[in-house]
Amino acid sequence: MLFAVDFFLRRLVQGLVIVVLVAMLIFTLLRVVPGDPVRIMLGPMVTAEMAEETAQKMGLRDPVPVQFIRYAAQVISGDFGHSFVRSAQGGSTGGSRGGDTFDASNRAPVMGLILTALPYSLLLAGLALGISLVISLPIGIVAGLFSGRWPDRLALYLSSLFVSLPNIWLALVLIFLVSVKGGLLPAIGYQNWTYAILPALVLAIELSPVFIRSASVAVSSNMMESYVPSGIIRGLSRPRMIVAHVLRNSMIPLLNVVGIQAIGLLLGSLFVIEYAFNYPGVGLLMINAVFQRDFPVIQAIAILACTVLVLVNILVDFAATTIDRRLQY
Amino acid sequence: MTPELVSTTSVAQPTLRGQRWLSATMFINAWRTTEFRIGFFVFFGLIVLSVLGPSLFGVSPTKISVTDKFLPPIGFEGGNWAHVLGTDQLGRDLFARSLIGLRNALMIGLISVVGMFLLGSAIGMIAGYVGGWVDLILMRITDAQMAIPVIILAITILGVSRPTPFSIVCVLILAGWPAYARTARSVMLSERRKEYVRAAKILGASDLRIMIVHIAPNILPPIAFVAVLEVARMMIIEAILGFIGIGIQPPTPTFGTIIADGTKYLMNAWWITTVPGLLLAISLCGINLMGGALERARNKLLQGVS
């Protein structure tokens, strides 16, 4: 118990440092690149003085460190600010309607925008992980049991092929074949959960090489351990040995991979695939925010994505140390 | 990929000459496998084609010809030999456009991987060699950088600034260096305690000289072998950036922009998106086969040595 408290304290402090560094990096990057968000908020019809005044009022002309500290204080109190562009009613308020229509109080809160989009992304990510595990675990385990023989080679070629398929291209080919030609599944937008199947399939194919590889490596290296023949000598059957011992021991590296590599990969690809399928998740929100220079939304999503990654890392390490106490953190 | 990099490169403990010989053996072993050769020939065939192709076949990738628009590839009704892979919505030859796209993707992939390899290895080697506070600070920065997914970083920077080939390469390097820094550092930690490093120090060699002349040739080739796989990954990311519209800007053809343009015509001209993507997938397959063979040859040899 004490071990767990000590572990989490240490790692959470480390993680917090990382998240703060990332937040600083993204915050500074957004402010040093060209492109003034005030222009996009107010449209081209307002005068330079008007734009300048609004920028002053919103604190966009203060030195970057001052802005960052103000932002950090806000975030700590749980407020990620308000969107620059989206109004609380859902429409985009940026444009050419002039200065009078600009109303700083009528902006959608960033947290609300993210919370609306998050369930869609979670559904997609969960479905993708599920499909990919269902495809790749059997292949990987069989490849590991017959290491060096044809199932192993087949798994190798299959994962080489999957790695080589660009996800956007695969997305469009599947849209064309399954939705346009076959008419089997819907593809663009979101109305019910079936809209998530096709994007999830694309993500699953992208994820599966990682799973196939780590499963086959873990199983084959465990099969070479001395506990396998000694268990069989003691009278355990080979199938029982494999199911009860080899597979259990192989789960630790797999857990690591699922946690770190898969979540990392998902966090990137999810954004692109949501954009390709016009799927209303966090990724689409982020990409649209980038094009509209909606800084609060970009910052919040980047910080949250990185926090998720850091937390998953900690949980995976904790799970690994509780399954196998030889591992030190 | 990173954890494997770390675990396998740090186990090798051979002597100076032994390790140089080791790198050559790894390469020869990889070359002996069928996968490597298939990958090699596919890849170099495509490189030759993309360098010589446009001038050889005399078709321009940007010449617009409205009468020839929406021609399907040969083998389908209406296709003709002047445009092997068909034409797009403006009658531009897709084969020529794909070859130019391949050339751009390869250049960006190669340059960015070389860049992130050099930057990452340098930072990792310095952190591992100097140790102490420098190590601590450099590694915290590495951790922070690693916690940002590549795509998010690229979208953020390129989306709000003007994408040029140079800025794209910079972003990819910025996103990719931490993996190399970690690997190089972990190998450096075991390497700097070795006899030959002590010997060089006693002879009066400067730290910089020891790092560049003595240690780098030992520890970098095995890391570079795995970097081959990264070229394919960077080419995919380049295509993704082009697709979102923040890659190299039109009229220069890239895979991403060709695929994105074609999505509007997916219903009646499916080949605009699918065919160039197929070419990209084939070249990525070539690179991955080569990279995979190199990686396995390295792992086999390093495990045998330890």
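Reading guide: rules and limits
- Residues numbered from 1 in each chain as written.
- Chains lettered and ligands numbered in written order.
- Predicted model: local features only at pLDDT ≥ 70, side-chain atom pairs only at ≥ 80, totals over all residues.
- Heavy atoms only, no water.
- Helix = DSSP H or I, 4+ residues; strand = E, 2+ residues; numbered from the N terminus.
- Buried < 20%, exposed > 50% of the residue type's maximum accessible area, 1.4 Å probe, protein only.
- Areas by Shrake-Rupley, 256 points an atom, 1.4 Å probe, with all protein chains shown as cover.
- UniProt positions renumbered as here; feature names shortened; annotations may be inferred.
- Arc of directions from axis to C-beta.
- Contact = heavy atoms within 4.5 Å.
- Buried area = accessible area lost by both parts, 1.4 Å probe.
- Salt bridge = Lys/Arg side-chain N within 4 Å of Asp/Glu carboxyl O.
- Polar contact = N/O pair within 3.5 Å; in protein donor to acceptor, adjacent residues only side chain to side chain.
- Nonpolar A, V, L, I, M, F, W, Y, C, P; charged D, E, K, R; others polar.
- Phe/Tyr/Trp six-rings, centres within 6.5 Å; stacked < 30°, edge-to-face > 60°.
- pLDDT = per-residue confidence, 0-100.
- Axes fitted to C-alpha atoms, helices over the stretch in contact; angles between N-to-C directions.
- Parallel < 35°, antiparallel > 145°, perpendicular 65-115°, else oblique.
- Left-handed = near helix turned anticlockwise from the far one by under 90°.

I'd like a description of the overall build of chain A, backed by residues and values.
Summing up its helical and strand segments, chain A has 12 helices and two strands in all. Tracing chain A from N to C terminus, the helices and strands come up as α-α-α-α-β-β-α-α-α-α-α-α-α-α. Across the 329 residues in chain A, those meeting the buried criterion constitute 47%. Total accessible area on chain A is roughly 15800 Å²; 67% of this is exposed by carbon and sulfur atoms.

So what's going on with the UniProt feature "transmembrane region" (unreviewed entry) in chain A? Which residues, and what values?
Those places that UniProt annotates as "transmembrane region" (unreviewed entry) correspond, in this numbering, to residues 12–33, 120–147, 154–180, 192–212, 254–277 and 297–320 of chain A. What you have in residues 192–212 of chain A is 76% helix and 0% strand, and the ends, taken at the C-alpha atoms, are 31 Å apart.

So what's going on with the environment of Met224 of chain A? Which residues, and what values?
Residues and elements named next belong to chain A. Here Met224 shows up in the loop between helix H8 (197–223) and helix H9 (227–233). Taking relative accessible area as the criterion, Met224 reaches 70% and is therefore assigned exposed. Met224 sits 22 residues away from Val246 along the chain, and the two C-alpha atoms are 10.0 Å apart.

Residues and numbers for unusual backbone geometry, please.
Residue Asn278 of chain A is not a glycine yet carries a positive backbone phi of 50°. Mapped onto the elements of the fold, Asn278 of chain A is located in the loop between helix H10 (238–277) and helix H11 (282–291).

Would you mind going over helix H8 (residues 195–202) of chain B in detail, with residue names and values included?
All names here are of chain B. For H8, every residue scored as buried is listed here: Tyr196, Val197 and Ala200. Considered in projection along H8, the buried side chains sweep an arc of 105° and stay on one side of the axis. Facing away from the buried side of H8 by more than 90 degrees, the exposed set consists of Glu195 and Ile202. Looking at the buried positions of H8, the neighbouring elements they touch are helix H7 (165–191) and helix H9 (207–244). Positive backbone phi, approximately 100°, marks Gly204, located one or two places after H8.

Account for the interface of chain A and chain B, with residues named and values stated.
Contacts between the two partners involve 46 residues from chain A and, on the opposite side, 42 residues from chain B. Where chain A abuts chain B, roughly 3900 Å² becomes buried across the two surfaces, and 79% of that area is made up of carbon and sulfur atoms. One salt bridge connects Glu35 of chain B with Arg153 of chain A, and the closest N-O pair in it is separated by 2.7 Å. Viewed at the interface, chain B and chain A are joined by six residue pairs in polar contact (both at pLDDT 80 or more). Secondary structure elements with two or more residues in the side of chain A that touches chain B: helix H1 (2–32), helix H6 (150–164), helix H7 (167–181), H10, H11 and helix H12 (295–323) of chain A. For the side of chain A that touches chain B, a count of residues per class yields 37 nonpolar, six polar and three charged.

Tell me what's going on with the packing of aromatic side chains, and back it up with residues and numbers.
One pair of aromatic rings is described through two measures. These are the centre distance and the angle between the planes. Counted according to the given criterion, the structure contains 12 aromatic pairs over all chains. On the basis of an interplanar angle of 90° and a centroid distance of 5.5 Å, the ring pair of Phe7 of chain A and Phe8 of chain A is categorised as edge-to-face. Taking the relative accessible area as the measure of exposure, Phe7 of chain A reaches 0% and is therefore buried. When the ring of Phe40 of chain B is compared with that of Phe44 of chain B, the centres are 4.6 Å apart and the planes differ by 35°; the resulting orientation is tilted.

Got a sec to walk through the confidence of the model for chain A? Specific residues and values, please.
Predicted coordinates in areas of low pLDDT are best not read in detail. Residue and element names in this part refer to chain A. Taken residue by residue, chain A gives an average pLDDT of 81. The fraction at 70 or more is 89%. Per-element confidence in chain A ranges from a low mean pLDDT of 71 for helix H2 (residues 37–42) to a high of 89 for helix H5 (residues 110–145). Here residues 93–101 is modelled with pLDDT under 50, and outside its nearest four sequence neighbours on either side it reaches 21 contacts, counting other chains as well.

Run through the packing of H5 of chain A against H10 of chain A, naming residues and quoting values.
Residue and element names in this part refer to chain A. Following both chains from N to C, one finds H5 and H10 inclined at 140°, their axes separated by 10 Å at the closest point. Put simply, H5 runs oblique to H10. Our pair here, H5 against H10, has a crossing hand that is right-handed. Across the interface between the two elements, Ser121, Leu124, Ala125, Ala128, Leu129, Leu137, Ile141 and Leu145 from H5 touch Ile242, Leu247, Leu254, Ala262, Leu266, Leu270 and Glu274 from H10. Its residues placed into classes, the contact of H5 with H10 shows 13 nonpolar, one polar and one charged.

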